[in-house]
Amino acid sequence: METFTIEGGKPLSGTLRIQGAKNAALPILAAAVMAEGQFHIYDVPHLKDIEVMLQILTALGAKATHTDGCVWLDTTSISIGHVPDDLMGQMRSSIFLMGPLLARLGEVTISRPGGCLIGERRIDLHLSGLTAFGAKMEEADGYISFRTKQLKGTNIFLSFPSVGATENIMMAAALAKGTTRICNAAREPEISDLANFLNAMGAKIRGAGTDTIEITGVQRLRPVSYRVIPDRIVAGTHILAVGAAQGHIELTNTIPEHLTALIEVARSCGVEIKTYHDIMEVKSTSRPRAIDRIITSPFPGFPTDLQAQLMTFLALARGTSVIKETVFEARFRHVNELARMGASIYVDLGSAFIRGVSRFNSATVEASDLRAGAALVIAGIAAEGTTVVEQIHHIDRGYDRLERQFEQLGATITRTIQ
Ligand code: EPZ
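Criteria and cut-off values
- Residues numbered from 1 in each chain as written.
- Predicted model: local features only at pLDDT ≥ 70, side-chain atom pairs only at ≥ 80, totals over all residues.
- Heavy atoms only, no water.
- Helix = DSSP H or I, 4+ residues; strand = E, 2+ residues; numbered from the N terminus.
- Rg over C-alpha atoms; globule rule 2.2 N^0.38 Å.
- Buried < 20%, exposed > 50% of the residue type's maximum accessible area, 1.4 Å probe, protein only.
- Areas by Shrake-Rupley, 256 points an atom, 1.4 Å probe, with all protein chains shown as cover.
- Lys, Arg positive; Asp, Glu negative; His and termini not counted.
- Charge placed at Lys NZ, Arg CZ, Asp CG, Glu CD.
- Salt bridge = Lys/Arg side-chain N within 4 Å of Asp/Glu carboxyl O.
- Pairing = 2+ DSSP bridges.
- Axes fitted to C-alpha atoms, helices over the stretch in contact; angles between N-to-C directions.
- Parallel < 35°, antiparallel > 145°, perpendicular 65-115°, else oblique.
- Left-handed = near helix turned anticlockwise from the far one by under 90°.
- Contact = heavy atoms within 4.5 Å.
- Near = heavy atom within 4 Å.
- Polar contact = N/O pair within 3.5 Å; in protein donor to acceptor, adjacent residues only side chain to side chain.
- Nonpolar A, V, L, I, M, F, W, Y, C, P; charged D, E, K, R; others polar.
- Domains from an automatic or database assignment.
- Buried area = accessible area lost by both parts, 1.4 Å probe.
- 1 Å grid on protein atoms, 1.4 Å probe; cavity = no way out; pocket = protein on both sides within 12 Å on 5 of 7 lines; lining within 4 Å.
- Points joined across faces, edges and corners; volume = space filled by probe spheres on them.
- Core = buried A, V, L, I, M, F, W, Y, C linked by side-chain atoms within 4.5 Å.

Concerning the overall build of the chain
Assigned secondary structure in the chain consists of 14 helices and 23 strands. For the chain, the C-alpha radius of gyration of 21 Å lies close to 22 Å, the compact-globule estimate for 418 residues. Counting all 418 residues of the chain, 58% fall into the buried class. Carbon together with sulfur atoms contributes 49% to the accessible area of the chain, which is approximately 15900 Å² in total. Here the chain contributes 41 positively and 43 negatively charged side chains, and the mean placements of these two sets differ by 4 Å.

Next up, the structure:
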């Protein structure tokens, strides 16, 4: 088992370039299936989830390398539409290979992805979306398959602006016959990045980033070179770390307008944030002020993927704050571990009531999922003494060597294998 050992209690300082966005790179790698040839995709972070995606693409017949953030992909020989069960089980996000494989091969089979630690993770919107194109769906023995001779463009209304469902439908529509309109689409920046990638491949997509996306199907797409946008959740994690532990850092390779909600909240709690072009300067010299209420919601609202990290930050604030989680039904698993470090948090009816304390005690804590793990690392950096975070494989799914990132910002954190 690998753990992080953190000697906390020191303010952060230094400069860090933010990694490419996991949640943009994953659908972009899936979309590459839709054209034959060689791709170069830059600023792809070295993460477990990316590794699994590349293993899946290789199992489907592609060739792939990933060196220094650049993914080289040759999708010419993709001929298999069945995502291997063991790989499907390792990463839910493989669900958004369905649209691309169905569009490329006319058939796709996946094992129904399980829920995960933050909630049920339903896929009904993916399935009804793909069925709307006229594809025939079958489900048996835990497998879901779709078949079609030709996807036909259509209008689709999403009852919830699901990120993954919007991506799956947008990809399938790119090669469908006719026009597709997605209403109540997700507006996350990663959707726009995927649309930009598909348009570079020759797709005709308009409106990505708004709640209505129109896609005019084309006959063929072509391979391209592309650079992935910066990871707004990683940037937000570091901003909240400075707010919790104090200090003065500079983040480069950021897109501040992807973090408006987080910047607003951090500033209202007393964190100084200056932005110019792709640089964010973040400074905090005292404990944050509490904030009455934060509700997570789809973009441009406060992102659920920063909720755990925000909780660590507010658990050290002067005063009481309330966080309501509305996107996932079980995303408070970090609360008990933070309580073991001295946080005072009460959860009821989907809300966390956080009474700020002046300091955390160091402890040995366990990461339960990706962002909960990041929240515990922030807590360890803020706490005096030695904190050990266990089960850090969860963290490696979304952060490219998080210990090195925080070391560059002056923290004392080492990865140990026990
Ligand atoms: C994406 O997951 C992200 N993952 C998640 O990031 C992120 O938390 C989430 O969007 C919300 O922003 C990737 O992009 C790889 P959703 P996704 O479909 O697509 C319900 C991280 O930490 N829903 O928007 O799975 C679902 O149950 C990860 O990087 C349905 O009901 O999110 C959930 O409650 C965690 N039916 C809500 O919508 C469906 O068909 C949000 O799900 C699909 C989703």
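Quick notes on the pattern of salt bridges
As enumerated under the stated definition, the model contains 17 salt bridges in all. Across the pair Asp-124 and Arg-122 runs a salt bridge, and its minimum N-O distance is 3.0 Å. Assessed through its relative accessible area of 54%, Arg-122 is described here as exposed. Each of Glu-2, Asp-396, Arg-401, Glu-403 and Arg-415 takes part in a single network of salt bridges with overlapping partners.

A short note on the pairing of strand E14 (residues 247-252)
Sheet analysis places strand E2 (residues 12-17) next to E14, joined by 6 bridges and oriented parallel. Residue pairing in the sheet places Gly-14 in a bridge with Ile-249 of E14.

Quick look at the packing of helix H4 (residues 98-105) against helix H6 (residues 163-174)
Where H4 meets H6, the axes come as close as 7 Å, and the angle between the chain directions of the two elements is 15 degrees. It follows that H4 is roughly parallel to H6 by the angle criterion. Seen from above, H4 lies across H6 with right-handed handedness. Here H4 contributes Met-98, Gly-99, Pro-100 and Ala-103 to the contact with H6, which in turn contributes Asn-168, Met-171 and Ala-172.

Side note on the site of the ligand
By nearness alone, 22 residues border the ligand, and Asp-124, Leu-125, Ser-162, Asp-305 and Val-327 come closest of all. Contact between the ligand and Arg-331: an oxygen atom at 3.3 Å from a side-chain N or O atom of the residue. It is helix H5 (residues 124-131) that contributes the most residues to the shell around the ligand, 3 residues altogether. Partitioning the shell around the ligand into residue classes produces 8 nonpolar, 6 polar and 8 charged. Both domain 1 (2-19 + 230-417) and domain 2 (22-227) contribute no fewer than three residues apiece to the shell around the ligand.

Let's talk about the domain arrangement of the chain
The domain architecture assigned to the chain consists of domain 1 (2-19 + 230-417) and domain 2 (22-227). For domain 1 versus domain 2, the separation of C-alpha centres amounts to 30 Å. Listed by partner, the interface residues are 26 residues for domain 1 and 20 residues for domain 2. Carbon and sulfur atoms supply 53% of the area that domain 1 and domain 2 bury against each other, a total of about 1900 Å² over both sides. For the interface between domain 1 and domain 2, the tally reads 3 salt bridges.

A look at the layout of surface pockets
In this structure, the second largest pocket occupies an estimated 310 Å³ of space. For the second largest pocket, the lining is made up of 16 residues, of which Arg-17, Ile-18, Gln-19, Asp-400 and Gln-405 are closest to its centre. Elements with a minimum of two residues in the lining of the second largest pocket: E2 and helix H14 (402-408). Residue contributions to the lining of the second largest pocket peak at 3 residues, all from H14. When residues of the lining of the second largest pocket are assigned to domains, at least three map to each of domain 1 (2-19 + 230-417) and domain 2 (22-227).

Side note on the sheet that holds strand E19 (residues 344-348)
Here we have 4 strands laid out as an open sheet, ordered E17-E18-E20-E19, and mixed in their pairing. Of all the strands in the sheet, just strand E17 (293-295) and E19 have a single pairing partner and so form its edges. On average, each strand axis in the sheet is tilted by 15 degrees relative to the strand beside it, whichever way the strands run. Inspection of the sheet shows E17 paired to strand E18 (residues 320-324) by 3 bridges, in the parallel sense. Pairing of Ile-295 across the sheet is with Lys-324, part of E18.

Some points on the nonpolar core
Among the nonpolar cores identified, the biggest contains 79 residues, and Met-170, Phe-197, Leu-198 and Leu-221 are the most heavily contacted of them. Setting aside residues no more than four positions away along its own chain, Met-170 makes contact with Ile-182, Ile-191, Leu-194, Ala-195, Leu-198, Ile-205, Ile-213 and Ile-215. Formed by 68 residues, the second largest nonpolar core is a distinct cluster that contains Ala-241, Leu-259, Ile-273 and Met-311.

What about the packing of H5 against H6?
The N-to-C vectors of H5 and H6 enclose an angle of 20 degrees; their axes lie 8 Å apart at closest approach. On the basis of their axis angle, the class for H5 and H6 is roughly parallel. Every pair of crossing elements has a handedness; the one defined by H5 and H6 is right-handed. Each of Leu-125, His-126, Gly-129 and Leu-130 in H5 lies in contact with H6, whose residues at this interface are Gly-164, Ala-165, Asn-168, Ile-169 and Ala-172. The class makeup of the residues in the contact of H5 with H6 is 5 nonpolar, 4 polar and no charged.

Some thoughts on the side chain of Asp-369
Along the chain, Asp-369 turns up in the loop between strand E21 (364-366) and helix H12 (370-382). Buried charged residue Asp-369 carries no salt bridge. Nearest counter-charge: Arg-333, at 4.5 Å. In terms of polar contacts, Asp-369 uses its side chain to reach the side chain of Ser-368, at 3.2 Å. Here the side chain of Asp-369 touches Ala-372 through a polar contact of 3.1 Å, landing on its backbone nitrogen. Look past the residues within four positions of Asp-369 in its chain and what remains in contact with it is Leu-117, Ile-118, Arg-333 and His-394.

Re the environment of Gly-207
If you trace the backbone, Gly-207 turns up in the loop between strand E11 (204-206) and strand E12 (212-216). The class of Gly-207 is partly exposed, set by a relative accessible area of 28%. When the C-alpha positions of Gly-207 and Ser-192 are compared, they lie 8.5 Å apart, and in sequence the two are 15 residues distant. Ignoring anything within four residues of it in the chain, the contact list for Gly-207 reads Thr-212 and Ile-213.

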